[in-house]
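# Fold and contact review
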Amino acid sequence: MSLPPPPPPAAGDPVTQADSLGSVTPEDWAAGPPSQAQPLLRQEAKGEEEEGEETGVRGAWGTGTAEQRRRGWGEAAEAAAAEEGQGEAGGAAGSVSPAGGAGGGREGWRRLLAWLRRRQPQCCPCAAPLPRSAAHCCHGGTKMAALAYNLGKREINHYFSVRSAKVLALVAVLLLAVCHLASRRYRGNDSCEYLLSSGRFLGEKVWQPHSCMMHKYKISEAKNCLVDKHIAFIGDSRIRQLFYSFVKIINPQFKEEGNKDSVAKPHVIVAGAATWSIKIHNGSNEALSQYKMNITSIAPLLEKLAKTSDVYWVLQDPVYEDLLSENRKMITNEKIDAYNEAAVSILNSSTRNSKSNVKVFSVSKLIAQETIMESLDGLHLPESSRETSAMILMNVYCNKILKPVDGSCCQPRPPLTLIQKLAACFFTLSIIGYLIFYIIHRNAHRKNKPCTDLESGEEKKNIINPPVSPLEILLQSFCKLGLIMAYFYMCDRANLFMKENKFYTHSTFFIPIIYILVLGVFYNENTKETKVLNREQTDEWKGWMQLVILIYHISGASTFLPVYMHIRVLVAAYLFQTGYGHFSYFWIKGDFGIHRVCQVLFRLNFLVVVLCIVMDRPYQFYYFVPLVTVWFMVIYVTLALWPQIIQKKANGSGLWHFGLLLKLAFLLLCICFLAYSQGAFEKIFSLWPLSKCFELKGNVYEWWFRWRLDRYVVFHGMLFAFIYLALQKRQILSEGKGEPLFSSKISNFLLFISVVSFLTYSIWASSCKNKSECNELHPSVSVVQILAFILIRNIPGYARSVYSSFFAWFGKISLELFICQYHIWLAADTRGILVLIPGNPMLNIIVSTFIFVCVAHEISQITNDLAQIIIPKDNSSLLKRLACIAAFFCGLLILSSIQDKSRH
């Protein structure tokens, strides 16, 4: 028995996404059909307007208006009842229809499901993600599997939407902040104590202190910190070796001569002793008692010195007893532990009612426990361990003086600047204003709430909710943005959460790459259009590139040159898309209006400007945004200047194409001039106020380096767009669904060339010897792999017809992901890793990534909302807004200049 076909859809009642995507809970399954009909199988579109074949139960599950689908439910239930032999025709329909839920609804629903299970196999198009081979003849089990998949997917989407994910992220942030605040109050807020007492090895030689980052000091930095400083090392041969390792940080050519110097009162004292006493007294208990007496007598003197100098007592490192010579066999680890316990207990109790000023350097003992097996004599540590201990001492003393970005240990929280204080006041007022607005609006809504007329017993008509005002959207956006910026500040400026150094291994980079590749392939969809570089495909491209770049940053893969070179191509590909996308828009639309320019500039720069204010960083620090901003303006000026040449005008005469090529040639000439004339480039961008935007550490060299590294790729993107659109206009390309881009022979030839070119570049990038050599050739050769990828991705028709919805989702927020990673996923301005959950790196990455993605998505929505309000389409209103924005930036520049003078 088969169901009767449903009536055709009404012309004015199309199926919307809200109609077709409902949610079905387990309770709904028990009580009756859902309030919105669920599609049994997703239909595949054939062409732009054509729909696929209807399934056998389309009346109950398929397309049509909401009313038609409700009728379909009744028809399906009627058929089920008739087949069961229970009830008259139409009776079941009345009992199980969504409109008539009373009277046997549960029983009717049960019969409907029983009837569906007994349905004979029918030919039907199968729902994605079922394989195409099953599309011609699907049995009932396949239908039910597809139904289960769709309903399960919607069940998950109902309970775990983007909104609920953001709420969960907010709860997680609040809980983690409370836990970290309580932990710091309980354990103390001094990261120097963690640096001196705890940590672990990352790999074999990289030491990671607990909760903070250790900076690796260069010779120039060490000399700058220790100029006119006196440091005394007092103790046995182990302390002497530590002294030599410390000095070699300043002077690697220093020879271990063992000379003693007589200097004035030292700024730093490093002392420690025990093993010599154990040796000369043959490990006797009397020697331990005498040691305690000696420590007790010098403890007050050390405390006195510690009031004006930094005093560190170095605990004794363990020994490797199997390697000790016969005259050192009495130095056992048991004896060393006893001496260390005595020293710690005496030094900590040397002052009453206050904390001891003498700092115990116990971390060297932890280091030695991991490395003593490499000792040559079982007593003295290998050189790498001594160098680690010396570097820890350098961090303890110099971090608070030089304040390196990647040396968070022993650094106090930076003081708030005037601009940061003003920003905090602004966001606080925005939050208060929105709360007041919300309370007033809610009270007004309660007053207008419909009530029941007691005399007639009828409820008054609902009052239509007024549209949301721009003021409410503005206050709400700034309220949410203020809370998000508070999280940014807590993560990377307030020292509330922990930070750790990066450590690269091949597994930390390539295993996550494999994970996201599998997910990306699994979530695939059909594209709405099959043109080259269509919107879904470019979103997908940006998405997977951004995910790879994120993994590259968090794994510290920049130390591995082949990976570094391929990531450079991904950055170039983003700029290629900038040239391609903006050129295509201006060429086709011919829209050179100020509204379009302001919209693009606002969306690109809004988040970065806010972060520059809140995080006290220069604009050039977020280098990619200045890069795409400048290139957008270059594209705009190139095409907008007289004569304006667009596609519509060029179609009338081929000379206009020649004129556009002349424009592009002039642009290329300017790029070459600036690339090889560093002086001219720096003079241009050193002019005020450009210098305030593009200077980093007092000069524009970093900006010149970044710009020069990908100087040609935007031009390549513009040229590719011009050639592609010209070919498309002349109908040389075949962009139909499933069709190869060219004829079979040409397509196969181009695919072969593309694959060879792609692999050739990868081989070259993997064989580079140093970064400087690779970076010099990169601007000229990066386009090879980019074009090869485009052709491989677009020549086959089947490849051009599908895309990964997983990657495309991330591609839509790729800019926010790139910028937000600086402070709330990474740490210390990308130099380290944010630690929300200490002691469990895998769980920490999962939680921090979840919060990071939710924040990036929310910022993307805030930016879009604000862009609609701040950048109106009306030119007169827009000019007024631009005047206000200009005044804002003038004030910001003045305040920044005042801050710079006060710092100096």
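Residues numbered from 1 in each chain as written. Predicted model: local features only at pLDDT ≥ 70, side-chain atom pairs only at ≥ 80, totals over all residues. Heavy atoms only, no water.

## Remarks on the overall build of the chain
- A tally of regular secondary structure across the chain gives 36 helices and 11 strands.
- By residue count, 47% of the 904 residues in the chain fall in the buried class.
- In the chain, the share of contacts with a sequence separation of at least 24, taken over all contacts with a separation of at least 6, comes to 76%.
- Of the accessible surface of the chain, which amounts to about 46,700 Å², a share of 61% is contributed by carbon and sulfur atoms. (Helix = DSSP H or I, 4+ residues; strand = E, 2+ residues; numbered from the N terminus. Buried < 20%, exposed > 50% of the residue type's maximum accessible area, 1.4 Å probe, protein only. Contact = heavy atoms within 4.5 Å. Areas by Shrake-Rupley, 256 points an atom, 1.4 Å probe, with all protein chains shown as cover.)

## Notes on the environment of S762
- Note that S762 resides in helix α30 (residues 744-766).
- Judged by relative accessible area, S762 falls into the buried class, the value being 16%.
- In the structure, S762 is positioned 197 residues away from M565 in sequence and 8.7 Å away in space, judged by C-alpha atoms.
- Those residues in contact with S762 that lie beyond four places of it in its chain are H566 and Q785.

## Digging into the sheet that holds strand β4 (residues 268-272)
- Taken in spatial order, the four strands of this open sheet run β3-β4-β5-β6, and their pairing is parallel. Looking along the sheet, the strands with just one partner apiece sit at the ends: β3 (231-235) and β6 (359-361). For this sheet, the mean angle separating the axes of adjacent strands, direction not counted, is 20 degrees.
- In this sheet, β4 lies alongside β3 in parallel orientation, the contact comprising five bridges. For I231, the partnering residue across the bridge sits in β4 and is V268. (Pairing = 2+ DSSP bridges. Axes fitted to C-alpha atoms, helices over the stretch in contact; angles between N-to-C directions.)

## What about a negative patch on the surface?
- A grouping of E321, D322, E334, D337 and E341 is seen on the molecular surface, where their side chains present a negatively charged patch.
- Mapped onto the secondary structure, E334 falls in helix α14 (residues 333-348).
- Classification of E334 by relative accessible area gives exposed; the value is 66%. (Patch = residues over 30% accessible without salt bridge, like charges linked within 9 Å, V, L, I, M, F, W, Y side chains within 5 Å. Salt bridge = Lys/Arg side-chain N within 4 Å of Asp/Glu carboxyl O. Lys, Arg positive; Asp, Glu negative; His and termini not counted. Charge placed at Lys NZ, Arg CZ, Asp CG, Glu CD.)

## What to know about the sheet that holds strand β10 (residues 826-827)
- The sheet built from three strands is open, its strands ordered β7-β11-β10 with antiparallel pairing. Strand pairing shows two members of the sheet lacking a second neighbour, β7 (498-501) and β10, which therefore form its edges.
- Where β10 and strand β11 (residues 832-835) come together, two bridges link them in antiparallel fashion. When the bridges of β11 are listed, A827 appears paired with G832.

## Description of the state of the cysteines
- For the structure shown, the criterion picks out four disulfides.
- Each sulfur of the disulfide joining C225 and C398 lies 2.0 Å from the other. Between C225 and C398, the S-S torsion sits near -95 degrees, and that sign places the bridge as left-handed. Here C225, found in helix α10 (residues 219-226), pairs with C398, found in helix α16 (residues 383-402); they are 173 residues apart in sequence, far enough to count as distant.
- For C225, a relative accessible area of 1% corresponds to the buried category.
- Judged by its relative accessible area of 0%, C398 falls in the buried class.
- Here C768 is linked by a disulfide to C774, with a sulfur-sulfur distance of 2.1 Å. (Disulfide = S-S within 2.5 Å.)

## What about helix α29 (residues 713-729)?
- Between its terminal C-alpha atoms α29 stretches 24 Å, which fits the 24 Å expected from 17 residues at 1.5 Å a residue.
- Elements in contact with the buried residues of α29: α21 (561-589), α23 (624-640), α24 (647-650), α25 (655-675) and α31 (771-794).
- Trailing α29 by a residue or two, Q731 shows a phi angle of about 55 degrees, which is positive. (Expected span 1.5 Å × (residues − 1).)

## Notes on the nonpolar core
- Judged by nonpolar contacts, the single largest core of 146 residues is most densely connected at M485 and F488.
- Take this core: its biggest share by element is 17 residues, from α21.
- Membership of the second largest hydrophobic core comes to 33 residues, among which are W207, C212, A222 and C398. (Core = buried A, V, L, I, M, F, W, Y, C linked by side-chain atoms within 4.5 Å.)

## Some words on empty space enclosed by the protein
- Evaluation of the coordinates by the stated rule reveals six cavities of 30 Å³ or more.
- Its volume calculated, the largest cavity comes out at about 150 Å³.
- Contributing to the lining of the largest cavity are 13 residues, with R238, L242, V314, D317 and L381 lying nearest its centre.
- When contributions to the lining of the largest cavity are tallied by element, the ones reaching two or more residues are α11 (237-250) and α16.
- Top contributing element to the lining of the largest cavity by residue count: α11, with four residues. (1 Å grid on protein atoms, 1.4 Å probe; cavity = no way out; pocket = protein on both sides within 12 Å on 5 of 7 lines; lining within 4 Å. Points joined across faces, edges and corners; volume = space filled by probe spheres on them.)

## Some details on a nonpolar patch on the surface
- There is a patch of nonpolar side chains on the surface, built from L429, I432, I436 and I440 and spanning about 400 Å² of accessible area.
- For I432, the location among the structural elements is in helix α17 (residues 418-447).
- Taking the relative accessible area as the measure of exposure, I432 reaches 43% and is therefore partly exposed.

## Quick word on the side chain of S477
- Looking at the secondary structure, you find S477 in helix α18 (residues 470-492).
- When its relative accessible area of 1% is taken as the criterion, S477 is described as buried.
- Ignoring any residue separated from it by four or fewer positions in sequence, one finds S477 in contact with I862, D865 and L866.

## A word on the environment of N399
- Considering the arrangement of structural elements, one finds N399 in helix α16.
- Beyond its immediate sequence surroundings of up to four residues, N399 is in contact with H215, Y217, M394, P404, G407, C409, C410 and Q411.
- Here the side chain of N399 touches N395 through a polar contact of 3.1 Å, side chain to side chain.
- Here C409 takes part through its backbone oxygen, which lies 2.8 Å from a polar atom of the side chain of N399. (Polar contact = N/O pair within 3.5 Å; in protein donor to acceptor, adjacent residues only side chain to side chain.)

## A closer look at α30
- With 23 residues, α30 ought to run about 33 Å at 1.5 Å a step, and its terminal C-alpha atoms sit 33 Å apart, in line with that.
- Looking only at α30, the buried set comprises S747, S754, Y761, S762 and A765.
- The inward-facing, buried residues of α30 contact α21 and α31.

## Description of the packing of α10 against α11
- For the pair α10 and α11, interaxial distance at closest approach is 7 Å and the crossing angle is 105 degrees. Between α10 and α11, the crossing angle belongs to the class labelled roughly perpendicular. Across from I219, A222, K223 and L226 in α10, the residues of α11 making contact are F246, I249 and I250.
- Partitioning the contact of α10 with α11 into residue classes produces six nonpolar, no polar and one charged. (Parallel < 35°, antiparallel > 145°, perpendicular 65-115°, else oblique. Nonpolar A, V, L, I, M, F, W, Y, C, P; charged D, E, K, R; others polar.)

## Observations concerning the pairing of β4
- Within β4, five of the five residues are buried, leaving the element largely enclosed by the surrounding structure.
- Alternating positions in β4 separate into two faces, V268, V270 and G272 on one and I269 and A271 on the other, with burial throughout.

## As for unusual backbone geometry
- Following W642, the chain continues to P643 via a peptide bond in cis, the omega torsion being -5 degrees.
- Counting through the fold element by element, P643 comes out in the loop between α23 and α24.
- A cis amide bond links W688 to the next residue, P689, at an omega of 5 degrees.
- If you trace the backbone, P689 turns up in the loop between α26 (678-685) and α27 (690-694).
- Positive phi, close to 75 degrees, is recorded for S211, a residue that is not glycine.

## Things to note about the pattern of salt bridges
- Summed over the entire model, instances satisfying the criterion amount to 14 salt bridges.
- In this structure, R200 engages E500 in a salt bridge whose closest nitrogen and oxygen atoms are separated by 3.0 Å. Remark: E500 occurs in strand β7 and R200 occurs in strand β1 (residues 199-202); sequence separation between them is 300 residues.
- For R200, a relative accessible area of 35% corresponds to the partly exposed category.

Everything listed here is a matter of coordinates, which is why it stays silent on function.
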